[in-house]
Amino acid sequence: MSEKEMRLEIARKTMRQYYEKFAIHHKIWIRKLMENFVGRDGFNVHTMMLADRYKTPEDQMIALFASLLVRDKGVNIIMQQTNKLYSILTEHPYEWFNNFGYIPFGDATMRDKLTLYSVRCGQICDLLDSLMDIQKMASSIQSYLQVVMKRADGVEVVKHAIGEGAKIKDIDYVLPLMLIRMSHKKGLGLGIVDIDDSQLLPWNSDVRMFLNTFSMPTDKFSADEKIEMMGFESKSDFFYAYLAYKDLMTRYSTECRRYATTFRTRMTLRCDRENMHTFDMKKILPPLE
């Protein structure tokens, strides 16, 4: 190693040691926050349970994409919406899709009719028409996803490919959840498309802000290294933690803003009093619920 490389490695080791001491309580708290979020209804995967009614990967995939249109308005309404979608998609969604069963929803006489509460028939047509374009271009939706999701901006590419006409609510939230559900092979995952977990994180400005707030504020570590330092085994766990923190902010905005500002400031101003700072940070942790 050159002298420059040795100095860099020493600096990185020192910063890691500081973070481990300073963020010891934070890492426990953020992990528990994420686990609580995943374990309750607010996780939002229940809006995509329509796919579990089908057995083939092709049928499940069409159902998952269609479920992006479901509005989260409580269990009873979600059940009504998914039942309505099931009746539209039929018992064989992929066959219905390939036979252009959705085309009538785009007719001028139907486009503006409401179907899933605030969702119009035209939105269903636009979403599935975009999927058909993808299938024609890449031979299958699965092959398209497997190619595109190897890119760093894969989530963004998929978001734009399914079209603006569908007007999917909170797409930056629900699309990554859908892709995670589609690709994971355990827990809630269906494992119907082979997508590397590392490609599922949407790198928008809000996610980057969350990462930079609660990790070492330096370019000496990559995003992957910062996520690992924060105690997350995968990028999907990190994304769940981001969603959980955003959800917590809706109820404890003052506490979260104070905590985030103090955390970022003290990480930036690193000093030798990390033990006192660690104790002080524990006292202002926002409630977990």
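It should be noted that the structure appears before, not after, this text.
Enquirer: Before we go on, may I ask you to explain unusual backbone geometry in this structure?
Expert: The phi angle of most residues is negative, glycine excepted, and most peptide bonds adopt the trans form. In this structure, Ser139 is a non-glycine residue whose phi angle is positive, near 75 degrees. Position of Ser139 among the secondary structure elements: in the loop between helix H6 (121-138) and helix H7 (141-148). Assessed through its relative accessible area of 59%, Ser139 is described here as exposed. For Asp170, which is not glycine, the phi dihedral falls at a positive 50 degrees.

Enquirer: Whenever I open this one, the packing of aromatic side chains confuses me. Can you help?
Expert: Scanning the entire structure with this criterion turns up 19 aromatic pairs. On the basis of an interplanar angle of 65 degrees and a centroid distance of 5.1 Å, the ring pair of Phe22 and Phe263 is categorised as edge-to-face. With a gap of 241 residues between them, Phe22 in helix H1 (residues 3-22) and Phe263 in helix H13 (residues 253-268) connect regions that are remote in the sequence. When the ring of Phe97 is compared with that of Tyr102, the centres are 5.9 Å apart and the planes differ by 25 degrees; the resulting orientation is stacked. When sorted by exposure, Phe97 lands in the same class as Tyr102, which is buried. One aromatic cluster in this structure is built from Tyr18, Phe22, Trp29, Phe210, Phe214, Phe232, Phe238, Phe239, Tyr242, Tyr245, Tyr259 and Phe263. A cation sits over an aromatic face here: Arg53 above Tyr86, 5.0 Å from the ring centre.

Enquirer: Mind showing me how you'd approach H1 here?
Expert: Residue pairs spaced three or four apart in an α-helix point in one direction, given the helix's 3.6 residues per turn. Taking 1.5 Å of rise per residue, 20 residues should cover 28 Å, and H1 covers 28 Å from first to last C-alpha, within 8% of that figure. Three or more residues of H1 are buried, namely Arg12, Met15, Tyr18, Tyr19 and Phe22. Buried residues of H1, seen end-on, are gathered within an arc of 130 degrees and therefore sit on one face of the element. The exposed residues of H1 that point more than 90 degrees off its buried face are Glu3, Ile10 and Lys13.

Enquirer: What is the right way to look at the packing of H1 against helix H2 (residues 24-38) in this model?
Expert: Axes are the key here: two packed helices are described by the angle between their axes and the distance separating the axes. Where H1 meets H2, the axes come as close as 4 Å, and the angle between the chain directions of the two elements is 65 degrees. From H1, Tyr19, Glu20, Lys21 and Phe22 reach across to H2, where they touch Ile24, His26 and Lys27. In terms of residue class, the contact of H1 with H2 is made up of three nonpolar, one polar and three charged.

Enquirer: Please explain the pattern of salt bridges as it appears in this structure.
Expert: A pair can form between side chains of opposite charge whenever their charged atoms are brought close. On inspection of all chains with the given rule, the structure shows 15 salt bridges. With a closest N to O distance of 3.1 Å, Arg7 and Glu3 form a salt bridge. Placement of the pair is Arg7 and Glu3 together in helix H1, with a separation of four residues, close to one helical turn. Under the relative-accessibility criterion, Glu3 is labelled exposed at 59%. In this structure, Glu35 and Arg31 form a salt bridge, with 3.5 Å as the shortest nitrogen-oxygen distance. Residue Glu35 and its partner Arg31 are located together in helix H2, separated by four residues, close to a single helical turn.

Enquirer: Explain the side chain of Lys159 to me, please; I cannot follow it from the model alone.
Expert: As for its position among the elements, Lys159 is in helix H8 (residues 154-161). Only 3.0 Å separates the side chain of Lys159 from the side chain of Asp172, close enough to count as a polar contact. Setting aside its immediate chain neighbours within four residues, Lys159 contacts Ile171, Asp172 and Leu175.

Enquirer: How do you make sense of empty space enclosed by the protein when you look at a structure like this?
Expert: The method is simple in principle: a probe with the dimensions of a water molecule rolls over the atoms, and the space it marks as empty is what remains. Considering all chains together, one arrives at one cavity of 30 Å³ or more under this definition. Of the volumes computed, that of the largest cavity is approximately 40 Å³. Taken together, ten residues form the lining of the largest cavity, with Phe22, His25, His26, Tyr259 and Met281 sitting closest to its centre. Contributions of two or more residues to the lining of the largest cavity are made by H2, H13 and helix H14 (274-283). At three residues, the largest contribution of residues to the lining of the largest cavity is made by H14. By residue class, the composition of the lining of the largest cavity is six nonpolar, three polar and one charged.

Enquirer: Honestly, the state of the cysteines in this entry has me stumped. Any pointers?
Expert: Scanning the model with the defined rule gives zero disulfides in all. Cysteine Cys121 is unpaired, with the sulfur of Cys125 as its nearest cysteine sulfur at 9.5 Å.

Conventions adopted
- Residues numbered from 1 in each chain as written.
- Predicted model: local features only at pLDDT ≥ 70, side-chain atom pairs only at ≥ 80, totals over all residues.
- Heavy atoms only, no water.
- Helix = DSSP H or I, 4+ residues; strand = E, 2+ residues; numbered from the N terminus.
- Buried < 20%, exposed > 50% of the residue type's maximum accessible area, 1.4 Å probe, protein only.
- Phe/Tyr/Trp six-rings, centres within 6.5 Å; stacked < 30°, edge-to-face > 60°.
- Lys NZ or Arg CZ within 6 Å of the ring centre and 35° of its normal.
- Expected span 1.5 Å × (residues − 1).
- Arc of directions from axis to C-beta.
- Axes fitted to C-alpha atoms, helices over the stretch in contact; angles between N-to-C directions.
- Contact = heavy atoms within 4.5 Å.
- Nonpolar A, V, L, I, M, F, W, Y, C, P; charged D, E, K, R; others polar.
- Salt bridge = Lys/Arg side-chain N within 4 Å of Asp/Glu carboxyl O.
- Polar contact = N/O pair within 3.5 Å; in protein donor to acceptor, adjacent residues only side chain to side chain.
- 1 Å grid on protein atoms, 1.4 Å probe; cavity = no way out; pocket = protein on both sides within 12 Å on 5 of 7 lines; lining within 4 Å.
- Points joined across faces, edges and corners; volume = space filled by probe spheres on them.
- Disulfide = S-S within 2.5 Å.

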